[in-house]
Structure formats: C-alpha cells, structure tokens
Amino acid sequence: MLKIALLAPAGAMHRYSGNFGKSLHYAPLTLTTLAALIPADVEADVVIYDETAGKIPLQIDADLIGITCITGTSPRCYAYADYFRKKGITVFMGGVHPTLMPEEAAEHADVIFTGFSEQTFPQFIYDYVAGNYRKRYDQNCDFTMEGKPFPRRELLNAKRYITTKTVEAIRGCYHTCSFCAYPAAFGRTVFKRPVKEVAAEIEAMNTRHVLFPDVNLVTDREYAIELFTELIPLKIIWLGLVTSSAGIDDELIRVFRKSGCRGLLIGFESITQESQKYIHKGVNRVEEYVTLMERLHDNGILVQGCFAFGGDEEDESVFDRTVEMIIRAKIDLPRYSILTPFPKTEYYAQLEREGRITERNWAMYDVQHCVFEPKNMTKQQLEEGTDRAWRATYTASNIMKRLAPFRHSPWLSLPLNFGYKGYADKWHKFTREVMCDNSDIPR
C-alpha cells in the first residue's frame, strides 16, 4: 500500500491561526484533484492537510509527500519539504511558484512539476512504483481538460470550509495584465472543459450551491453562454470570477440570472483609469463602476470587488477616494490588496529594471504587503493606507450603507462582510517578523 500525504502550506495571514476565517474560505481543488489522479491500479492511501483549515502534523506516516506551492507560501513549503526529506520521505512539489522558479524549487524537493499535472502526475506515480522516477515533470504539449476526474472532496474536513462544492470549468485568461502570475506561469492558452462534464460533476454532487474558482469564467464568451445555458435546468445557485465586461453584456447577464448566479468576483483594481492603463487592464471602465453595480444588483447579483493599491499613478489620496467610491457604488464585498511583482511577470521585470524591488523574501509576496518602492508615496504610507481602507470599509456603519436595503441575498452578504470585518481588524498585526517566521517547523 502506497502512502501519500498531500500538503497545502499557508502564509501567516491565511493560516488556520491567522485572520482568514471559515466564512471567507472555500475548499481548493488542487489537492483533491491530485488525489483523484492516482491511477486506479495503484493501491494507495491518501491524506490531505490544508494549512488554511488546520495544522500540518510534523509526524506523517507516508512514502510520498506532495506540496502545492504559490510564491507567498514558498519559504514555508521549502521548510516543510526540507524537514520531511531529512526524515527519509520522498517529496514532490508543484504549483505556480515551482513553475515560475523550477531551479529554486528543485533545491528543496526530490521531484518538481511544472505547468498542469493532470497527465504528468499519474505517470510519476507509475514511475515511482517502478523505482525509476524523474526529478522533473513538465506539462505535456497535448494537455487537455477532457476527462478530468471528479475531485476527491471526501478527503477534506468539510466543517472547516464555507463550501467544498467548488467546480472547475475553464482554465486560463486572454487578458494581458502585467501583474498577473497566471499567464507568466501557464501561458495564455485557454483550456475549456466539456460542458457536459461540468454539468455531470455538479449533478453528481447533489447540491444547490456551487462556486467556480476559475480565474475568468468569461474569458471565452461563447463557452460561458453555452455552459450556463446548460446549467439552467439544474436550478443551482452559483458564484464565480469574471471581469467587469460581463456586467455590460445583455446576453451574458440574462443567462447568468437564469442559471442561478448570485455572486461575482470582479477585479476592479483601481478607481483611476490611468492605473488601469498602468497595469494593462483596459477592460475596466472606471466611469461605469456605479452603473455597473446598479445593473448587477438589479439582476440579483452580489459583487466582491477587488482593488489593488500601489500603481505609479496613485498617491496617498487614493485610499479615502476608493472607500468613498465603494460606498457610493454599494459594492457588496470589497477586498484590498497591494500590487505585487511576482517573479517572471512583466511587472516584476519593470520594477527590477528600475531598481525598485526592496524585498526578496517570498513570504512577503502575499499581495497584502509592499515589496517595492512606490512612486508617489512611501512603502509605509502604502501599507498604512491599505490598512486604513480596510478598517474604514468594514466599520459597522459603512457595511450597512453598502448593503442597504438588504435586498440582495442578505443570507450571503452579511456573514461575508462580518467575516471580512474580522480580517480587517487583524490586518495590521501581520508584520514582516510574523510573515517570515517558520520557526514552528524544525530545521
């Protein structure tokens, strides 16, 4: 019996002991999908440890340990990998960061995976059983999402997540945002899962509530219309990620409403059009934000609006002006981050050329801390302004102003808002010392 443990380490803010509570946390798909990819003719016992939902034990009985890694968690991933390797366990690692920085990741793992692993991971398992595995597995050139297995959600502790009903439909995005790590790691090819397979997975879950974590559900408009038309008879309620373009598309909105859309995450990024140009996100039209929100609300759709501070066109006034606009537009669930130059992105290359990157510890690359020298304010002003925006947005009175008159699914919006209020109240506690501390993992 092959014993496999799959780990998802988390940064200090998003760890089970941090400030990202259950009400804000849905079950990820990476590890449950990996578990489902283990070949049926290989007898294996699999466990999953997600550090956003609980502690990763230091005593794990396993032949293989797999670690999924993003840039902000990479130092902690490396610490776990080094620790378990010294105990004689074979460690493999994949995800966005090992794909961006394979040589760095290879210093800490016996095997690394780059790109998508639906085809390479089963091959690795066969190779491992045969005693002849490679040190690196790269995404196949004929990669496809057809025949994707249903994730093994039963391996998760469902009580630790607001939902485990996460479903993938489309992978990739055509947009060219300079800060986005996704195309830097995986390219701009968009992979679409057969619509019938998506519908079959939802039907098999026997649920009314579904969350699509895909980076952009409307990156292929025709596919989105086909998919959500197919889902209309299922009578589900769903949430997902889109760009602001979805809100001005009559046919899309009509199909979304009929198929049960109750919430969308939209990357508004900034309240200035100059900043949209700076980060190459021309799809956003700042002057239309208020009417866009009115239109989505009229269709019964809640909006989580994401904003990123720190663009070269912004000064200290941006924080208060953003909060004012969010209240005026009645954005249901605002979320703030700081522009972060992830390795190998166009934005990283720009700031590196200009000598403006000031932080080299990847643990600080969690989009909540400043790792570069801003142009029109100091690093301290950027972080303090972000903290101020969080607190101001999530005062009880401003929550009420944004959500009044509570006609848009209060059963969903109120818990999420008070979840983010807790997040906002603790945001300032996560200093560099706290973020970079992995002393709980023995060296």
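Everything here concerns the structure above.
Nothing here was measured: the structure is a model prediction, and the numbers come from that model.

Chemist: Can you walk me through the pattern of salt bridges in this structure?
Modeler: Pairing is possible between side chains that carry opposite charge, provided their charged atoms lie close to one another. Tallying each qualifying case throughout the model produces 24 salt bridges. Here E201 ties to R193 by a salt bridge, and the two come within 2.5 Å at their closest N and O atoms. Here E201 matches R193 in class, with each residue buried. In this structure, R432 and E359 form a salt bridge, with 2.7 Å as the shortest nitrogen-oxygen distance. With R432 in helix α17 (residues 432–435) and E359 in the loop between α13 (346–353) and α14 (379–393), this residue pair connects regions lying 73 residues apart in the sequence. Judged by its relative accessible area of 44%, R432 falls in the partly exposed class. For E359, a relative accessible area of 6% gives the class buried. Put simply, E118, K148, E168 and R171 are held in one network by salt bridges that share partners.

Chemist: What should I look at first to understand the nonpolar core in this one?
Modeler: Side chains of a nonpolar character, in soluble globular proteins, are inclined to be buried together. Grouped together as the largest cluster of nonpolar side chains are 99 residues, with contacts concentrated most on I202, F212, F228, W238, F256, L264 and F268. Take this core: its biggest share by element is 7 residues, from helix α12 (residues 318–329). For W238, the residues in contact, after removing those within four places along its chain, are V210, F212, L217, F228, F256, S259, G260, C261, R262, G263 and L264. L6, I38, L156 and Y161 belong to the second largest nonpolar core, which has 26 residues in total.

Chemist: What is the right way to read the sheet that holds strand β2 (residues 44–50) from this model?
Modeler: Sheet strands associate in pairs through backbone hydrogen bonding, adopting either a parallel or an antiparallel arrangement. Read across the open sheet, the 6 strands follow the order β2-β1-β3-β4-β5-β6; overall the sheet is parallel. Both outer strands of the open sheet, β2 and β6 (136–138), are each paired with one neighbouring strand and no more. Going from strand to strand, the sheet's axes swing by 15° on average, the running direction of each strand aside. Direction of pairing for strand β5 (residues 111–114) relative to β6: parallel, over a ladder of 3 bridges. Bridging from a neighbouring strand, I112 pairs with R136 of β6.

Chemist: Honestly, the packing of aromatic side chains in this entry has me stumped. Any pointers?
Modeler: By convention here, two paired aromatic rings are described through the distance between centres and the angle between planes. Counted according to the given criterion, the structure contains 36 aromatic pairs. Their ring planes at 20° and their centres at 5.6 Å tell us that F268 and F307 sit as a pair that is stacked. With a gap of 39 residues between them, F268 in strand β11 (residues 261–269) and F307 in strand β12 (residues 302–309) connect regions that are remote in the sequence. Across the pair, F307 and F268 agree in class, each one buried. Here F307 and Y336 contribute two aromatic rings whose centre-to-centre distance is 6.3 Å and whose plane-to-plane angle is 50°, an arrangement assigned as tilted. Placement of F307 in strand β12 and of Y336 in strand β13 (residues 333–338) is noted, with a sequence separation of 29 residues between them. Each residue in the set F268, Y289, F307, F309, F319, Y336, W390, Y394, Y420 and Y423 is aromatic and connected to the rest through ring pairs, giving one cluster. One residue, R402, lies across the ring of Y394, its end atom 5.0 Å from the ring centre.

Chemist: How should the pairing of β13 be read in this particular structure?
Modeler: Looking along a regular strand, one sees the side chains alternate between the two faces of the sheet. Of all 6 residues that make up β13, 5 are buried, and the element is covered over most of its length. Bridge count between β12 and β13: 6 bridges; the pairing is parallel. What sits directly across from Q304, in β13, is L333.

Chemist: Which parts of the structure should I look at to understand the environment of D332?
Modeler: Here D332 lies in the loop between α12 and β13. Assessed through its relative accessible area of 3%, D332 is described here as buried. C-alpha of D332 to C-alpha of N417: the two residues are 85 residues apart in sequence and 7.9 Å apart in space. Look past the residues within four positions of D332 in its chain and what remains in contact with it is M293, H297, I301, L302, V303, R402, L403 and N417. Engagement of the side chain of D332 in a polar contact is seen with the side chain of H297, the distance being 2.7 Å.

Chemist: Would you mind going over helix α8 (residues 221–231) with me for this structure?
Modeler: Note that an α-helix has 3.6 residues per turn; residues three or four places apart therefore point the same way. Every buried residue of α8 is accounted for by Y223, A224, I225, L227, F228 and L231. In this structure, the buried residues of α8 make contact with β7 (170–171), β8 (191–192), α7 (195–205), β9 (209–212), β10 (237–242) and α9 (250–259). Two to three positions downstream of the cap, the backbone nitrogen of E222 sits 3.3 Å from a side-chain oxygen, assigning the N-cap of α8 to D220.

Chemist: What is the right way to look at the sheet that holds β11 in this model?
Modeler: Pairing is parallel in the open sheet, where 5 strands are placed in the order β9-β10-β11-β12-β13. Of all the strands in the sheet, just β9 and β13 have a single pairing partner and so form its edges. Pairs of neighbouring strands in the sheet enclose a mean axial angle of 15°, with direction left out of account. Strand direction decides the pairing type here: β10 and β11, joined by 5 bridges, are parallel. Within β11, the position partnered with W238 by the bridge is C261. Packed onto the sheet, α9 meets β10 and β11 and runs at close to 135° relative to β11.

Chemist: Please explain unusual backbone geometry as it appears in this structure.
Modeler: The phi angle of most residues is negative, glycine excepted, and most peptide bonds adopt the trans form. Located in the positive-phi region is K330, a residue other than glycine, with phi close to 60°. Residue class for K330 comes out partly exposed when judged on its relative accessible area of 31%. Phi is positive for K344, which is not a glycine, with a value near 75°. Structurally, K344 is set in the loop between β13 and α13.

Chemist: I keep staring at the environment of A246 and nothing clicks. Help me out?
Modeler: Mapping A246 onto the fold places it in the loop between β10 and α9. The sequence separation of A246 and L264 amounts to 18 residues, and the corresponding C-alpha distance is 9.6 Å.

Chemist: Quick question: what am I supposed to make of the pairing of β9 here?
Modeler: The pairing of β9 with β10 spans 4 bridges and is classified as parallel. Its bridge partner being in β10, V210 is matched across the sheet by W238. Regarding the hand of the β-α-β motif, the stretch spanning β9, α8 and β10 is right-handed.

Reading the values: the criteria
Residues take numbers from 1 onward in each chain, read along the sequence in its written order. The model is predicted, so local features are restricted to residues of pLDDT at least 70 and side-chain atom pairs to those at 80 or more, both for listing and for counting; the totals for chains, interfaces and linings are taken over all residues. Hydrogens are left out, water is left out, and the side-chain values use all remaining heavy atoms of the structure. When a carboxyl oxygen of Asp or Glu is within 4 Å of a side-chain nitrogen of Lys or Arg, the pair counts as a salt bridge. Only protein chains enter the calculation, and the probe is 1.4 Å; a residue is then buried if its accessible area is under 20% of its type maximum, exposed if over 50%, and partly exposed in between. Secondary structure counts use DSSP, requiring at least four H or I residues in a row for a helix and at least two E residues in a row for a strand, with both numbered from the N terminus. We call a set of buried residues a nonpolar core when its members are Ala, Val, Leu, Ile, Met, Phe, Trp, Tyr or Cys and they connect through side-chain atoms within 4.5 Å of each other. Whether two residues are in contact is decided by their heavy atoms: any pair within 4.5 Å suffices. When DSSP finds two or more bridges between a pair of strands, those strands are recorded as paired. Whenever a helix is involved, its axis is fitted only over the stretch in contact; in every case the axis is a line through C-alpha atoms, and angles between N-to-C directions fall within 0 to 180 degrees. Each Phe, Tyr or Trp ring, with Trp reduced to its six-membered ring, pairs with another whose centre is within 6.5 Å; inter-plane angles below 30 degrees give stacked pairs, above 60 give edge-to-face pairs, and intermediate values give tilted ones. Look at NZ for Lys and CZ for Arg. If either is within 6 Å of the ring centre and within 35 degrees of the ring normal, a charge sits over the ring. Residues adjacent in sequence count toward polar contacts only when both atoms are side-chain atoms; beyond that, a polar contact is any pair of N or O atoms within 3.5 Å, and within protein one must be able to donate a hydrogen and the other to accept it. Orienting the strands away from the viewer, one traces the path from the first strand over the helix to the second; a clockwise path indicates a right-handed crossover.

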